[in-house]
Protein chains: 2
Amino acid sequence: MYPQSLQNLIDAFRRLPGVGEKTAERYALSVIDMNEQDIIAFSKALSDIRTHLKHCSICGNLCEDDTCSICSDPNRDNRTVFVVQSAKDILAMEKTGEYKGVYHVLNGLICPSKGIMPDDLNIDSLVKRAADADEIILGTSTTMDGETTSMYLHRLLQEQYPNLNITRIAHGLPSGGLLDYADEMTLAHALSDRRSMK
Amino acid sequence: MYPQSLQNLIDAFRRLPGVGEKTAERYALSVIDMNEQDIIAFSKALSDIRTHLKHCSICGNLCEDDTCSICSDPNRDNRTVFVVQSAKDILAMEKTGEYKGVYHVLNGLICPSKGIMPDDLNIDSLVKRAADADEIILGTSTTMDGETTSMYLHRLLQEQYPNLNITRIAHGLPSGGLLDYADEMTLAHALSDRRSMK
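Basis of the calculations
- Counting of residues starts from 1 at the beginning of each chain's written sequence and follows it residue by residue.
- Chains carry letters and ligands carry numbers; both start at the beginning, A for chains and 1 for ligands, and go up in the order they are written.
- Owing to the predicted nature of the model, reporting of local features is limited to residues with pLDDT of at least 70; listing and counting of side-chain atom pairs is limited to 80 or more, with chain, interface and lining totals taken over all residues.
- Think of the side-chain values as coming from all heavy atoms in the structure, minus any hydrogens and water.
- Axis definition: a line fitted to C-alpha atoms, over the contacting stretch in the case of helices. Angles run 0 to 180 degrees between N-to-C directions.
- Secondary structure is summarised from DSSP: a helix means a run of H or I of at least four residues, a strand means a run of E of at least two, and numbering begins at the N terminus for each.
- Note on terminology: angles under 35 degrees are roughly parallel, angles over 145 are roughly antiparallel, angles of 65 to 115 are roughly perpendicular, and the others are oblique.
- Crossings are classed by handedness, with left-handed meaning an anticlockwise turn of the near helix from the far one by less than a right angle and right-handed meaning a clockwise turn.
- By the convention used here, residues are in contact when the closest approach between their heavy atoms is within 4.5 Å.
- Each residue is assigned to one class: nonpolar for Ala, Val, Leu, Ile, Met, Phe, Trp, Tyr, Cys and Pro, charged for Asp, Glu, Lys and Arg, and polar for all the others, Gly among them.
- What makes a nonpolar core is a set of buried Ala, Val, Leu, Ile, Met, Phe, Trp, Tyr and Cys residues whose side-chain atoms join them at distances within 4.5 Å.
- Think of it in three bands: residues with accessible area under 20% of the maximum for their type are buried, residues over 50% are exposed, and the middle band is partly exposed, with areas taken using a 1.4 Å probe on protein chains only.
- One side-chain nitrogen of Lys or Arg within 4 Å of one carboxyl oxygen of Asp or Glu is enough to make a salt bridge.
- Copies overlap after least-squares fitting; the atoms used are the C-alpha atoms of residues with pLDDT of at least 70 in both.
- Two parts lose some accessible area (1.4 Å probe) when they are put together, and adding that loss for both gives the buried area.
- For this analysis, a polar contact is any N or O atom pair within 3.5 Å, provided that within protein one partner can donate a hydrogen and the other can accept it, and provided that sequence-adjacent residues contribute only side-chain to side-chain pairs.
- Only rings of Phe, Tyr and Trp enter the pairing, Trp through its six-membered ring, and a pair is recorded when the two centres are within 6.5 Å. The plane angle decides the type: under 30 degrees is stacked, over 60 is edge-to-face, the rest tilted.
- Here a strand pair is declared whenever DSSP counts at least two bridges between the two strands.
- Two cysteine sulfurs form a disulfide in these notes if their separation is within 2.5 Å.

## Remarks on the packing of helix 1 (residues 4-14) of chain A against helix 3 (residues 36-52) of chain B
With their axes 9 Å apart at the nearest point, helix 1 of chain A and helix 3 of chain B run at an angle of 150° to one another. Classified by the interaxial angle, the pair formed by helix 1 of chain A and helix 3 of chain B is roughly antiparallel. Note that helix 1 of chain A runs across helix 3 of chain B; the crossing there is left-handed. Counting all contacts with helix 1 of chain A, which are made through Ser5, Leu6, Asn8, Leu9, Ala12 and Phe13 of chain A, the residues of helix 3 of chain B involved are Phe42, Ala45, Leu46, Ile49 and His52 of chain B. Of the residues that constitute the contact of helix 1 of chain A with helix 3 of chain B, the class distribution is eight nonpolar, three polar and no charged.

## Looking at the nonpolar core
Ranked by size, the top nonpolar core spans 46 residues in total, and within it Phe13 and Phe42 of chain A together with Phe13 and Phe42 of chain B carry the most contacts. Secondary structure elements with two or more residues in this core: helix 1, helix 2 (21-33), helix 3 (36-52) and helix 4 (87-96) of chain A together with helix 1 (4-14), helix 2 (21-33), helix 3 and helix 4 (87-96) of chain B. If near-sequence neighbours (up to four positions away) are discounted, Phe42 of chain B is found in contact with Leu9, Ala12, Phe13, Leu16 and Leu46 of chain A together with Phe13 and Met34 of chain B.

## Topic: the pattern of salt bridges
Residue and element names in this part refer to chain B. The final tally for this structure, using the stated rule, is 14 salt bridges over all chains. The residue Glu147 makes a salt bridge to Arg168 at a minimum N-O spacing of 3.6 Å. Taken together, the residues span a long stretch of sequence, with Glu147 in helix 6 (residues 144-160) and Arg168 in strand 6 (residues 165-168) at a distance of 21 residues. When its relative accessible area of 23% is taken as the criterion, Glu147 is described as partly exposed.

## A closer look at the relation of the copies chain B and chain A
Least-squares fitting of chain B to chain A yields an RMSD of 0.1 Å, with the transformation described by 0.0 Å of translation along the axis and a rotation of 180°. What we have between these two chains is a two-fold relation. Residue Ser43 of chain B, judged by its C-alpha, is the member of chain B lying nearest the rotation axis, at 2.2 Å. Of all interface residues in chain B, 100% are interface residues in chain A too; the two copies therefore contact each other through one and the same surface.

## Regarding the interface of chain B and chain A
Think of interface size as the accessible area that goes away when the parts come together; that is how it is often given. Of the residues lining the interface, 44 residues belong to chain B; the matching set on chain A comes to 44 residues. Counting the surface lost from both chain B and chain A, the interface buries some 4,400 Å², and carbon and sulfur atoms represent 74% of this. The tally of links from chain B across to chain A stands at six salt bridges. The closest approach of N and O atoms between Lys95 of chain A and Glu25 of chain B, which form a salt bridge, is 3.3 Å. In this assembly, chain B and chain A are joined by eight residue pairs in polar contact (both at pLDDT 80 or more). Of all the secondary-structure elements, those providing two or more residues to the side of chain B that touches chain A are helix 1, helix 2, helix 3, strand 2 (62-63) and helix 4 of chain B. Of all the elements, helix 3 of chain B adds the most residues to the side of chain B that touches chain A, at 12 residues. Here the side of chain B that touches chain A is built from residues that sort into 25 nonpolar, eight polar and 11 charged.

## Details of the side chain of Arg76 of chain B
Residues and elements named next belong to chain B. Within the secondary structure layout, Arg76 lies in the loop between strand 2 and strand 3 (77-84). A polar contact is formed between the side chain of Arg76 and the side chain of Glu94, at a distance of 2.9 Å. A distance of 3.4 Å separates the side chain of Arg76 from the backbone oxygen of Lys100, its partner in a polar contact. For Arg76, the residues in contact, after removing those within four places along its chain, are Ile70, Glu94, Tyr99, Lys100, Gly101, Val102 and Tyr103.

## What about the packing of aromatic side chains?
Within this structure, the stated rule accounts for 14 aromatic pairs over all chains. Cluster of aromatic residues (ring-pair linked, three or more members): Phe13, Tyr27 and Phe42 of chain A together with Phe13, Tyr27 and Phe42 of chain B.

## Topic: the sheet that holds strand 4 (residues 101-105) of chain B
Residues and elements named next belong to chain B. Strand order across the open sheet formed by four strands is 4-3-5-6, with parallel pairing between neighbours. Two strands bound the open sheet, and with one partner strand each, they are strand 4 and strand 6. Strand-to-strand twist in this sheet, taken as the mean axis angle between neighbours without regard to direction, amounts to 25°. As defined by bridge partners, strand 5 (residues 135-138) adjoins strand 6 across four bridges and the pair is classed as parallel. Looking at the pairing, Glu135 lines up with Asn165 of strand 6. With respect to the sheet, helix 4 is in contact with strand 3 and strand 4, its orientation differing from that of strand 4 by roughly 155°. The sheet contacts of helix 6 involve strand 3, strand 5 and strand 6, and relative to strand 6 the element is tilted by about 170°.

## A few points about the state of the cysteines
Summed over all chains, the structure comprises zero disulfides over all chains. Cys63 of chain B takes part in no disulfide bond, and the closest cysteine sulfur, belonging to Cys56 of chain B, lies 5.1 Å away.

Any functional reading would require information beyond the geometric quantities listed.
Structure below.
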């Protein structure tokens, strides 16, 4: 029903996460109304991703050079390593402006039901980096897979480096959270991980 | 904060309708996980839109040839012309499978406050086409601008062709509509345009 070139574009937009037929149609039709330069820039931005973007050889973060801007920053404390599931978690953490150490991207979480085992993740290089670290912060999500992965990493690292300080990000009520809206797991953690007020 | 190539792609996605920073980030990061072939296809689909897609020389619909598939279909009744605001309205009408005539795309609606005057729309060619038509169905939206445009077209066409049958799409309660949820304008139209049951 659509001209072929329009249908191709709709199909391309449908590959984006959470985009159904209606939204893909809307996006594709909006491209028709864009000016020529914007369309060329869009098309080029896509093909550039393939050629320009790579993973940092140290931490696995996204970058255009061999090492990312965080790993190559001399002002960052490279003896503290924050372990995350994916590069976008780094972006989220950096927005807080609170963290001065470096990162390590696992590229996924252990999930036996999906067939993702420790060997599929960026764990070997973490174990090597841990030799020079003072603290490893396990920053995987507080989901089932995130907890499994952090427990696995905790055991693995503790075996090899008994004196290494291994920490887990706090699990509790989010900012602005109401007690009666929180689920039981969150409340249980908020209670058990309570801290004394100074 | 992002590598430049990633930032460029995020900026490109932000030009799509209804896409904010968070969604654009999500789309751009999902492109990184796509396989090479899908990214090439996506990039090509965008640049092809510019080169392949044009407007039908008769009705203004989107097509890849000189005339669109509807205008060049001998089984369509080209003496009945359904006037729409944009090419996507044709796609919506065609999905109903109820209409066997042809279309005419205005490419917008008269809107003096935005500076869109009758001369900016595809109206001259509609007046020419109306000479060979039995019926012109005014299918602009039932919004303020849509009503203004349809009233303008009605007067213009009636002056030139006093015997032409000019109709307006029905304005009333949508299918599955509840009376107590409908706005006053809709209810007023549903009442005034009531028809006798046979």
